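# Examination of the molecular architecture
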Amino acid sequence: MTESDGRPRVRMTGRERREQLLDVGRTLFAQKGFEATSIEEIAARAGVSKPVVYEHFGGKEGLYAVVVDREMSDLLERLTSALRVGHPRKLVEQAALALLTYIEEQTDGFRILSRDSPVASSTGGTFSSLLNDIASQVEHILSREFEQRKISTKLAPMYAQMLVGMVALTGQWWLEERKPKREVVAAHLVNLGWNGLAHLEPDPKLVTRPRKD
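Residues numbered from 1 in each chain as written. Predicted model: local features only at pLDDT ≥ 70, side-chain atom pairs only at ≥ 80, totals over all residues. Heavy atoms only, no water.

The next thing to look at is the overall build of the chain. Helix and strand counts for the chain come out as ten helices and zero strands. Listed by position from the N terminus, the elements making up the chain come as α-α-α-α-α-α-α-α-α-α. For 213 residues, the compact-globule estimate of 2.2 N^0.38 gives 17 Å, and the chain exceeds it by more than 25% at 22 Å. For the chain, the spread of C-alpha atoms along the three principal axes comes to 75 × 45 × 30 Å. Scored against the burial criterion, the 213 residues of the chain give a buried share of 40%. Here the contacts in the chain between residues at least 6 apart in sequence split such that 64% fall between residues at least 24 apart. (Helix = DSSP H or I, 4+ residues; strand = E, 2+ residues; numbered from the N terminus. Rg over C-alpha atoms; globule rule 2.2 N^0.38 Å. Buried < 20%, exposed > 50% of the residue type's maximum accessible area, 1.4 Å probe, protein only. Contact = heavy atoms within 4.5 Å.)

Right under this line is the structure:
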C-alpha cells in the first residue's frame, strides 16, 4: 500500500488509529459542532473507511463522548489544582488563570465543551456539570470566609455560583476576543470578584423597590 504521493503507507496500531481518530474528531467538532460533523467526514479526514470509526467508537456519539470526557478531565484537574492551597484571593486568581490558560492552550477543547451538546448531556459530561463541581469547591472556601465575617454560610452556594459563572462567561467571551492578555483579564476578574466579596453587606437590600400596582 502506498500514499497518493508514492510513499509507502505506515500501518498504525489499534491504539495509534484510535488516537488519530480522536484528534481528527476533536478538530472537526471544534470547527463545525457535533451535528454538522459526519462520520463520513471524520473517516475521510483520517484516511480510513467508515467501518473503522464504528469499530473503535461505535459511531459519532461514542467518539464525541470520549473527546468530551478527556477535555472535562483536563479542565477539571487544572481548576481543582488551582483551588487546593492558598489565601482565598489567591485561589480566585489561580482559578481564573487556570481557565484562561486552558482556553489559550486547548482552544478546540474549550470550544467543544462550551457548546454543551445534547449528546454530552446524555452522558452526564456537560460544561455546566463541570462548573457545578467547581462551584462546590468554591462554596467550601467561601463558607470559611463568611463564617469569619459573620455572614450566613447558607449564602455560600449562591455566591459560589455567581463567582464561577462570572469567570466562565468571561472565558467564553475571551475565547473569541483574545485581548487583553490572559493575565490582564484574570487581574480584572479578581478585581471585580474579590473586591466585591471584600465589601459584602451582611444583609443587602435593593436600592430601588418594585412598584406596586
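After presenting the structure, the write-up continues.
Our focus in this paragraph is the packing of aromatic side chains. This structure, assessed with the given rule, holds six aromatic pairs. Aromatic pair F29 and Y64: ring centres 4.9 Å apart, planes at 80 degrees, arrangement edge-to-face. Separated by 35 residues along the polypeptide, F29 in helix 1 (residues 14–32) and Y64 in helix 4 (residues 60–82) bring together distant segments of the chain. For the pair formed by F29 and Y64, the shared burial category is buried. Aromatic side chains F146 and Y159 sit 5.4 Å apart centroid to centroid with 85 degrees between the ring planes, which places their arrangement in the edge-to-face category. In this pair, F146 is assigned in helix 8 (residues 127–148) and Y159 in helix 9 (residues 156–177), connecting sequence segments 13 residues apart. For Y159, a relative accessible area of 15% gives the class buried. Ring-pair connections join several aromatic residues into one group, and the members of that group are F29, F34 and Y64. (Phe/Tyr/Trp six-rings, centres within 6.5 Å; stacked < 30°, edge-to-face > 60°.)

Moving on: the UniProt feature "DNA-binding region" (unreviewed entry) in the chain. Here, the residues flagged by UniProt with the feature "DNA-binding region" (unreviewed entry) are residues 38–57. For residues 38–57, the end-to-end C-alpha separation is 14 Å, with 80% helix and 0% strand making up the annotated structure. (UniProt positions renumbered as here; feature names shortened; annotations may be inferred.)

So, about the UniProt feature "domain: HTH tetR-type" (unreviewed entry) in the chain. With numbering aligned to this structure, UniProt lists the feature "domain: HTH tetR-type" (unreviewed entry) at residues 15–75. What you have in residues 15–75 is 82% helix and 0% strand, and the ends, taken at the C-alpha atoms, are 24 Å apart.

Between side chains of opposite charge, pairing is possible as soon as their charged atoms come close. Here the structure, examined in full by the defined rule, presents twelve salt bridges. The closest approach of N and O atoms between E105 and R78, which form a salt bridge, is 3.1 Å. In this pair, E105 is assigned in helix 5 (residues 88–105) and R78 in helix 4, connecting sequence segments 27 residues apart. With its nearest N and O atoms 3.4 Å apart, the salt bridge here joins R149 to E145. Linked through salt bridges whose partners overlap, the residues forming this network are D74, R78 and E105. (Salt bridge = Lys/Arg side-chain N within 4 Å of Asp/Glu carboxyl O.)

A word on the packing of helix 1 against helix 3 (residues 50–57). Two quantities define a packed helix pair, namely the angle between the helix axes and the distance between the axes. Between helix 1 and helix 3, the least distance of the axes is 10 Å, while the angle of their chain directions is 100 degrees. As summarised for this structure, helix 1 and helix 3 are arranged roughly perpendicular, according to the angle between their axes. Between helix 1 and helix 3, the contacting residues are G14, R17, R18, L21 and L22 on the first element and V52, V53, H56 and F57 on the second. Its residues assigned to classes, the contact of helix 1 with helix 3 comprises five nonpolar, two polar and two charged. (Axes fitted to C-alpha atoms, helices over the stretch in contact; angles between N-to-C directions. Parallel < 35°, antiparallel > 145°, perpendicular 65-115°, else oblique. Nonpolar A, V, L, I, M, F, W, Y, C, P; charged D, E, K, R; others polar.)

Once that is clear, we can look at the confidence of the model for the chain. Overall, the prediction assigns the chain a mean pLDDT of 89, with 90% of residues at 70 or greater. Here residues 118–123 is modelled with pLDDT under 50, and outside its nearest four sequence neighbours on either side it reaches nine contacts, counting other chains as well. (pLDDT = per-residue confidence, 0-100.)

Relative to the helices and strands, V167 resides in helix 9. A C-alpha to C-alpha distance of 33 Å links V167 and R211, two positions 44 residues apart in sequence. Excluding residues that lie within four positions of it along the chain, V167 makes contacts with A96, L99 and L189.

Below, the discussion takes up the nonpolar core. With 61 residues, the main nonpolar core has L21, I42, L75, V138 and L142 as its most contacted residues. Ignoring any residue separated from it by four or fewer positions in sequence, one finds L75 in contact with L99, Y102, L113, F127 and L130. (Core = buried A, V, L, I, M, F, W, Y, C linked by side-chain atoms within 4.5 Å.)

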